Amino acid sequence: MLTVVIGWFCGMPLFAQEVLPPAMKAQRVDYCIHCHKTLSGQMGVAVGEWEKSVHAKRDDNCNICHGGNPDLNDKKAAKDIKFGFAAKRNNYNSVQLCGRGGCHASTIGLFKMGPHYVALGKKGKPECVDCHGAHEILPPKVKFIKTGVCVQCHTAGVVEKTIASLEKLEQNIADLEKNIDYLISKNAEARDILAKLIDVRNLYRQLVHVMSTREFQHTKREIELQLNDLLEKSQSRLLVVRRLDINYVVTMLLGFLVVIVFMIFTIRTFARRSD
Ligand code: HEC
Ligand code: HEC
Ligand code: HEC
Ligand code: HEC
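Because the structure is predicted, anything quoted here is derived from the model rather than measured. (Residues numbered from 1 in each chain as written. Chains lettered and ligands numbered in written order. Predicted model: local features only at pLDDT ≥ 70, side-chain atom pairs only at ≥ 80, totals over all residues. Heavy atoms only, no water.)

A. Representation of the coordination of the iron atom of ligand 3. Within the protein, the iron atom of ligand 3 binds to H132 (NE2) and H209 (NE2); these donor distances fall in the range 2.0 Å. Because the angles between the six donor atoms bound to the iron atom of ligand 3 fall within 87 to 179 degrees, the donor set is best described as octahedral. Of the two residues, H132 sits in helix 9 (residues 129-132) while H209 sits in helix 12 (residues 191-210), which places them 77 residues apart along the sequence. (Donors = N, O, S within 2.8 Å, 3.2 Å for Na, K, Ca; no water. Tetrahedral: all angles 85-135°; square planar, octahedral: opposite > 155°, others 65-115°. Helix = DSSP H or I, 4+ residues; strand = E, 2+ residues; numbered from the N terminus.)

What follows is the structure, given as structure tokens:
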């Protein structure tokens, strides 16, 4: 109670909560969007960026992260502290915003295990938005990582090497997924590889979010070994499927040829008879 009163009095929460309360659902009109759409600068830009995001597709609106009451068409009342409003301006970082109501708990758990969470407490960097953005959040890619933030603490060489090795893993995972899709489309056995890919993806997710020296020594190696093994396995099955494909095409062509020869033969026979 005292926390709320002091927080309300100062216009900012003094004792940041570990997990912010879940977002409210707008009853009819979502006034956060309705009002911010009309604003200029960053206040309005956020709407256009959010509209392209994975969150907008799920109807996860502004308040899913920022909190506040979307039923009130008043900039102050909507952001009253009693509705759990949180923004960068009142000292909330993106780890807190992304974790509102228990969202992304497992990813946040991983991030908190690593050295970057400690760095965030001391220097305010790096955080979720430095790799995912704040509003235009799309299916994640290594190339979205804002390396300008990383070089504040690491040498350009270390950052380049890190990005290159993550991109290689990302590419190998994409290749493996393509192979699996092809095998499945041909009704070939791929469930065992798919199950292992899920494990590898989890290790990769762990690597990028914990980001410790240990992870880069052990987990990265483990991912590489497993990926190589799975890629080889899928490749050899692809060869079998493709060989079957070729057999199929050759058989079809031969069949076609036989029919044509037969037709020519018949036509010539008839032609001779009618002469
Ligand atoms: C009636 C208009 C209006 C409504 C409704 C509104 N806002 Fe705002 N909002 C503003 C304006 C104007 C600002 C610029 C700062 C200021 O003038 O207070 C702002 C600022 C912000 C900021 C920047 C951080 C800050 O504290 O200033 C965030 C984040 C934000 N709004 C989110 C929301 C969310 C989430 C909702 C719905 C729960 C919402 N807004 C509802 C007008 C509105
Ligand atoms: C997925 C979570 C998420 C959603 C959804 C979201 N925001 Fe944000 N927003 C953030 C984060 C995190 C920041 C801090 C940005 C940074 O550090 O660069 C932020 C920053 C802002 C800012 C800049 C002021 C500040 O506090 O730094 C405004 C204005 C804002 N958001 C408005 C909105 C509006 C309007 C919507 C809905 C259209 C919205 N946001 C939806 C997470 C979100
Ligand atoms: C150093 C960059 C980096 C940081 C910091 C980071 N992420 Fe990620 N995140 C990634 C990458 C790269 C992926 C893609 C991993 C994959 O494909 O599985 C990812 C994947 C994810 C996913 C999975 C998306 C899906 O496909 O289901 C979620 C959720 C996520 N991150 C949330 C967060 C949150 C929350 C934070 C802050 C605590 C955070 N990330 C911090 C780089 C980062
Ligand atoms: C505020 C400082 C800070 C920022 C910004 C930062 N890091 Fe770090 N990072 C650290 C610290 C501290 C460690 C712990 C290991 C150490 O002492 O080198 C670390 C560890 C790492 C490691 C594992 C250790 C290694 O060198 O093998 C990688 C990889 C890494 N960071 C990449 C990144 C990337 C990519 C970014 C940009 C998204 C980034 N860091 C941004 C401070 C930072």
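B. Focus on the domain arrangement of the chain. Annotation of the chain at the domain level lists domain 1 (2-126) and domain 2 (156-274). Distance from the C-alpha centre of domain 1 to the C-alpha centre of domain 2: 42 Å. Facing eight residues of domain 1, the contacting portion of domain 2 comprises six residues. Both sides of the domain 1 and domain 2 interface together cover about 620 Å² of buried area, and 66% of this is carbon and sulfur. (Domains from an automatic or database assignment. Contact = heavy atoms within 4.5 Å. Buried area = accessible area lost by both parts, 1.4 Å probe.)

C. Highlighting the coordination of the iron atom of ligand 4. Here the iron atom of ligand 4 is held by the protein donor atoms H116 (NE2) and H154 (NE2), which lie 1.9 to 2.0 Å from it. One way to put it: the six donor atoms around the iron atom of ligand 4 meet at angles of 89 to 180 degrees, and that makes the site octahedral. Of this pair, H116 sits in helix 8 (residues 115-123) while H154 sits in the loop between helix 10 (147-150) and helix 11 (156-185), and the two are 38 residues apart along the sequence. Using a relative accessible area of 38% as the deciding quantity, one classes H154 as partly exposed. (Buried < 20%, exposed > 50% of the residue type's maximum accessible area, 1.4 Å probe, protein only.)

D. Inspection of the site of ligand 3 at higher detail. In the vicinity of ligand 3, 15 residues are found, and the nearest of them are C128, C131, H132, R201 and H209. At 2.7 Å, a side-chain N or O of H132 approaches a nitrogen atom of ligand 3. In the environment of ligand 3, an oxygen atom lies 2.7 Å from a nitrogen or oxygen atom belonging to the side chain of R201. Of all the elements in the fold, those that place two or more residues in the shell around ligand 3 are helix 7 (105-113), helix 9 and helix 12. A total of four residues in the shell around ligand 3 trace back to one element, the largest contributor, which is helix 12. Tallied by class, residues from the shell around ligand 3 come to nine nonpolar, four polar and two charged. (Near = heavy atom within 4 Å. Polar contact = N/O pair within 3.5 Å; in protein donor to acceptor, adjacent residues only side chain to side chain. Nonpolar A, V, L, I, M, F, W, Y, C, P; charged D, E, K, R; others polar.)

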